[in-house]
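Coordinates in review
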Amino acid sequence: MMIVLEKRSEQSKAMTFLSPVLAIGLTVVIGGFIFTGLGLDPFKALYIYFIEPMTSIWSVEELIVKAAPLILIGAGLAVCYTANVWNIGAEGQLTIGALFGAAIPVYFTAWQSPLVLVLMLVLGAVGGALFGAIPALLKNRFGANEILTSLMLVYVAQLLLDWLVRGPWRDPQGFNFPQSVPFEGWQLLPLLGEGRVHIGAILAVVAVIILWIMMGRSLRGFEIRVIGRSPRAGAFAGFGQKRVVWFCFMLSGALAGLAGICEVAGPSGQLQPTISPGYGFTAIIVAFLGRLNPIGVLFAGILLAISYLGGEAAQVELGISDKTAQVFQGMLLFFILACDTLIHYRIKFAPGAGAAKEA
Amino acid sequence: MNVDSSSEYLLEARNIVKVFGELRANDDVTLSLKPGEIHALLGENGAGKSTLVKIIYGSLQATSGQLFWKGQPVTVANPAAARELGIGMVFQHFSLFDALTVTENIALALPADVDIGALAGRIEKVSNDYGLPLRPDALVADLSVGERQRIEIVRCLLQEPRLLIMDEPTAVLTPQEADQLFVTLERLASEGCGVLYISHRLEEVKRICHDATILRHGKLVARVDPQQETAASLANLMVGAEVAAVKADRGGVPGSPLLELVDLSLPTNDPFGVALKNINLTIRAGEIVAVAGVAGNGQSEFFDAVSGEQPSANNETVKMSGEACGRENITRRRRRHAAFVPEERIGHGAVPDFPLSENVVLTHHAVGEGVVRKGLINRAAARDVNSAVTELFDVRKGTPDPEARSLSGGNLQKFVVGREMTREPKILVVNQPTWGVDAGAAALIRQALIDLARSGSAVLVISQDLDEIFEISDRIAVISRGEMSEAYPAEELSLEQIGLLMAGAHEKAPEKAAAS
């Protein structure tokens, strides 16, 4: 018995949707084996990991808090990847966006007005967009590979944040802790209800809807899809590849920056050396799991948020490392990319190893 | 060695037939080559040169016919078997790793147990012996195109071939590099190595080749001594003498100039590209002007320059309806009622995995009636255009709006031509309108081009098909190495003249071109 991959005559529409489902299933099964290997009851562990986070109001709210930045960033990255523009540096754009927005409460600590909040959000988006423009510039001007430049800029951004909160931006009344002044009043995002859910969740949904319309209906979205599929045809249509690179990087950078400022003006309430548990990287998985479709990203973002919560729950209740979340996220990306092979190929079982041979 | 004394030939390919589906790519072709002979293989694109060479080199197997090597019948099962016999091939496009050195690149093609240290010495010796200077430790990325080709040649020479096949080697070389290559080839020939030399450049064939085999439409048309021929007579043999009778009914008096090219030049950065030099051409309302030429003489660069995919630095070089637009991009030229059909329908004229209606948006987004309104695509309008094109041009498809790649070549070509025709353009520029298209679709497309011109539009056709050119065009210009001849009335142009032009008779002397 031999397993053969055979190229399909055209893409399988069914597999486009089945592939993520299959990947999630495989991740759960392999996850079960990993828990068993750790000496845990796999069913209980999987329940704690995947189901429990959705059983209480508190944890559902927490889910939304974590899903919002993933969706914001993932929707922008989905647009990038559709255009074959590989922005891997959303984490850095998130960080710079947070810094830009946080500059207002840091330098104008006493300023209280609705304008403050608006300005912080705008600056957050601008900061992320500008930081995203760097790899776009390097790619368009010098042909530098954007995967490398955008990824390396993440570390630049994180070191800048680290230096600021330990140095010039450290709270003078903060007992030398590496953190900025705590934000107050209009420097914080308004909450929705009693819990921790803030208006970042609404921003995420609005962004998804706008990008969905843009990609599906607008000429700009068409331009992005054409450049991604066939740059030569794009040039024939009069679309500029460089313009698309600029647009994609600045759009996804702006959304990542917005997610960044929402983190520090939301759950954190101040700048700290670490402001994100790797949302910018996890959002890459969100974009692919969501089939590079903004609506798909909405669901994928919720799923990946569960993996974060599950990781925390597993740490508390099962006493295993919080790195479990990263293991699950890694497996998920691995399986989704593997299963995507089946969009273009079908599996065939060829009888007998020796019987069938090349003619 | 068991050499058959009855055979003076190193290689013979007798009565080779190769059938791909309906197409007879090689139809009873015979070629023979003596040791020490530089033998030219000539023919237009699609004449069957590559197929024949692939059969000799073992990448393809003939449907029927027989290869003889030193008089013995042989079967060349694959390129490795060809190399074992002593056949080496230098391809037009190199397969080298930029990040590796010359030695490492050559070692990759040799058996795994080669001693790299000793190899560098051998490379140096062979390259110096044959006048192909190469530094074994140089990185490929730092080398010029000519030097890269030397690596490929040295790679073959290290295996001490008895027959070297070269596929258009000078296409990528400067004249000086080409001269150097000719010295090497003559040296090889003097040592008894046979060279099978594929080229479009007739002057150099005349210069270095001892014998020539000419193919057309898969058939052997002539075996000639290039020294006894002129470049023009070789060109005639390549493109064929049986050109259709010139059509009597020409258009009326042409109207005002709609498309004017004035001293249009375009440099190229691509090593495989051709720079355009001072092209002047005027196309008037109501006429079809054709640009003839052997493939690879700047046709696609010319198309890009006229369409605006590659705008010119000087605004005055292109005029549409009398207005300068050389610096404008393709979208703004489309708004001047110009329409364009590129040579490659898949991946250039159409996005393969987009449905036809979305491929309508590709060229109609800035100009089509209501296809895009306020930045949003009107899908219904795009589908309407698709239906209209389909009906008018008889595009046969399984579903109303299939992906472009699911259409056959002829049907997709009818779609990409029809898509522009429905706009009723005042200027139409089309590159290879019927390339690889069945006869029915070709006739329909040619008729549409004629009808459009007769309705008062200017039509520019770039084609390698002389039959087509004489069938539809009013005037004919010839492009060679990026230079364009004057456009002559079709009925005044003889085959002899067109052959001379294709061979580059109108090209300016080098010092004049360099001075500009």
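Everything numeric in this text was worked out from a predicted model, so none of it was measured. (Residues numbered from 1 in each chain as written. Chains lettered and ligands numbered in written order. Predicted model: local features only at pLDDT ≥ 70, side-chain atom pairs only at ≥ 80, totals over all residues. Heavy atoms only, no water.)

Points about the overall build of chain A
Counting its regular elements, chain A contains 13 helices and two strands. Taking 21 Å as the expected radius of gyration for a compact globule of 359 residues, we find that chain A reaches 22 Å, a close match to that expectation. For the C-alpha atoms alone, the extent of chain A along its principal axes is close to 80 × 60 × 35 Å. Within the span of chain A, comprising 359 residues, buried residues form 52% of the whole. Taking as baseline every contact in chain A between residues at least 6 positions apart, the subset at least 24 positions apart corresponds to 77%. Taken as a whole, chain A presents about 16,400 Å² of accessible surface, with 70% of it coming from carbon and sulfur. Counting 22 positive and 19 negative side-chain charges, chain A places the averaged centre of each group 16 Å from the other. (Helix = DSSP H or I, 4+ residues; strand = E, 2+ residues; numbered from the N terminus. Rg over C-alpha atoms; globule rule 2.2 N^0.38 Å. Buried < 20%, exposed > 50% of the residue type's maximum accessible area, 1.4 Å probe, protein only. Contact = heavy atoms within 4.5 Å. Areas by Shrake-Rupley, 256 points an atom, 1.4 Å probe, with all protein chains shown as cover. Lys, Arg positive; Asp, Glu negative; His and termini not counted. Charge placed at Lys NZ, Arg CZ, Asp CG, Glu CD.)

Remarks on unusual backbone geometry
A negative phi angle characterises most non-glycine residues, just as the trans form characterises most peptide bonds. All names here are of chain B. The phi dihedral of Lys-374 is positive, around 50 degrees, even though this residue is not glycine. Relative to the assigned elements, Lys-374 resides in the loop between strand 17 (372-373) and strand 18 (376-377). At Asp-394, a position not held by glycine, the phi torsion is positive, near 55 degrees. Among the secondary structure elements, Asp-394 is positioned in the loop between helix 12 (379-393) and helix 13 (409-421).

Digging into the pattern of salt bridges
Evaluated as defined, the whole model comprises 33 salt bridges over all chains. Notably, a salt bridge pairs B:Lys34 with B:Glu8, separated by 3.9 Å at the nearest N-O pair. Of this pair, B:Lys34 sits in the loop between strand 2 (23-33) and strand 3 (38-42) while B:Glu8 sits in the segment before strand 1 (11-20), placing them 26 residues apart in sequence. Taking the relative accessible area as the measure of exposure, B:Lys34 reaches 32% and is therefore partly exposed. Notably, a salt bridge pairs B:Glu420 with B:Arg419, separated by 3.1 Å at the nearest N-O pair. For the pair B:Glu420 and B:Arg419, one class covers both residues: buried. Linked by salt bridges that have partners in common, A:Glu62, A:Lys66, A:Arg196 and A:Glu312 make up one network. (Salt bridge = Lys/Arg side-chain N within 4 Å of Asp/Glu carboxyl O.)

Things to note about the interface of chain A and chain B
On the side of chain B, 28 residues touch chain A, which itself brings 20 residues to the contact. If you sort the residues of chain A by the area they bury against chain B, A:Arg217, A:Arg232 and A:Phe236 come out on top, with a joint share of 35%. Linking chain A with chain B are three salt bridges. With its nearest N and O atoms 3.1 Å apart, the salt bridge here joins B:Asp353 to A:Arg229. Our count for the contact surface shared by chain A and chain B stands at ten residue pairs in polar contact (both at pLDDT 80 or more). Listed by contribution, the elements that provide at least two residues to the side of chain A that touches chain B are helix 7 (200-217), helix 8 (219-229) and helix 9 (231-237) of chain A. (Buried area = accessible area lost by both parts, 1.4 Å probe. Polar contact = N/O pair within 3.5 Å; in protein donor to acceptor, adjacent residues only side chain to side chain.)

Thoughts on helix 13 of chain B
In a regular helix each residue adds 1.5 Å, so 13 residues correspond to 18 Å; helix 13 of chain B covers 18 Å between its end C-alpha atoms and thus fits that length. Along helix 13 of chain B, twelve of the 13 residues are buried, which leaves the element largely enclosed by surrounding structure. (Expected span 1.5 Å × (residues − 1).)

Considering the confidence of the model for chain B
Of all residues in chain B, 91% attain a pLDDT of 70 or more, and the chain-wide mean is 85. This model gives residues 1-5 of chain B a pLDDT under 50, and the stretch forms five contacts once residues within four places in sequence are excluded. (pLDDT = per-residue confidence, 0-100.)

Re the packing of helix 12 of chain B against helix 13 of chain B
Residue and element names in this part refer to chain B. One can describe the packing of helix 12 onto helix 13 by two numbers: an axis separation of 9 Å at closest approach and a directional angle of 115 degrees. Classified by the interaxial angle, the pair formed by helix 12 and helix 13 is roughly perpendicular. Relative to helix 13, helix 12 is oriented so that their crossing is right-handed. Side by side, helix 12 and helix 13 meet where Asn-386, Val-389 and Phe-393 of the first sit next to Lys-414, Phe-415, Val-417, Gly-418, Arg-419 and Met-421 of the second. Residue composition of the contact of helix 12 with helix 13, by class: five nonpolar, two polar and two charged. (Axes fitted to C-alpha atoms, helices over the stretch in contact; angles between N-to-C directions. Parallel < 35°, antiparallel > 145°, perpendicular 65-115°, else oblique. Left-handed = near helix turned anticlockwise from the far one by under 90°. Nonpolar A, V, L, I, M, F, W, Y, C, P; charged D, E, K, R; others polar.)

Points about the environment of B:Lys414
Residue and element names in this part refer to chain B. Within the secondary structure layout, Lys-414 lies in helix 13. Note on Lys-414: relative accessible area 6%, which makes it buried. As for Lys-414 and Asp-394, which are separated by 20 residues in sequence, their C-alpha atoms are 7.7 Å apart. Residue contacts for Lys-414: discarding those within four places in its chain leaves Val-389, Phe-393, Asp-394, Val-395, Ala-441, Leu-444 and Ile-445. Engagement of the side chain of Lys-414 in a polar contact is seen with the backbone oxygen of Asp-394, the distance being 2.9 Å.

A few points about helix 3 (residues 57-82) of chain A
Residues and elements named next belong to chain A. With 26 residues, helix 3 should reach 38 Å at 1.5 Å per residue; the first-to-last C-alpha distance of 36 Å fits that figure. At Ala-67, helix 3 is deflected by roughly 30 degrees, the largest bend along its length, and proline Pro-69 occurs up to four residues later in sequence. Summarising burial for helix 3: 21 of the 26 residues are buried, a large majority. Immediately downstream of helix 3, the backbone of Asn-84 shows phi near 60 degrees, a positive value. (Bend = angle between axes of the 7 residues up to and from the residue.)

Some words on the nonpolar core
Membership of the largest hydrophobic core comes to 144 residues, with the highest contact counts inside it found for A:Ile73, A:Phe222, A:Leu271, B:Leu428 and B:Leu449. Two domains each provide a minimum of three residues to this core, namely domain 2 (248-337 + 425-516) and domain 3 (347-423) of chain B. Not counting residues up to four positions away in its chain, the partners in contact with A:Leu271 are A:Ala98, A:Leu99, A:Ala102, A:Leu161, A:Val165, A:Trp169, A:Pro178, A:Gln179, A:Ser180, A:Phe183 and A:Val264. Core analysis: the second largest hydrophobic core is formed by 49 residues, B:Ala107, B:Ala138, B:Leu202 and B:Ile214 among them. (Core = buried A, V, L, I, M, F, W, Y, C linked by side-chain atoms within 4.5 Å. Domains from an automatic or database assignment.)

Side note on the layout of surface pockets
Residue and element names in this part refer to chain A. Estimated volume of the second largest pocket: approximately 1,500 Å³. Gln-11, Thr-16, Arg-229, Arg-291 and Leu-292 are the residues nearest the centre of the second largest pocket, which is lined by 32 residues in total. Elements with a minimum of two residues in the lining of the second largest pocket: helix 1 (13-37), helix 3, helix 7, helix 8 and helix 13 (324-344). In terms of residue class, the lining of the second largest pocket is built from twelve nonpolar, nine polar and eleven charged. (1 Å grid on protein atoms, 1.4 Å probe; cavity = no way out; pocket = protein on both sides within 12 Å on 5 of 7 lines; lining within 4 Å. Points joined across faces, edges and corners; volume = space filled by probe spheres on them.)

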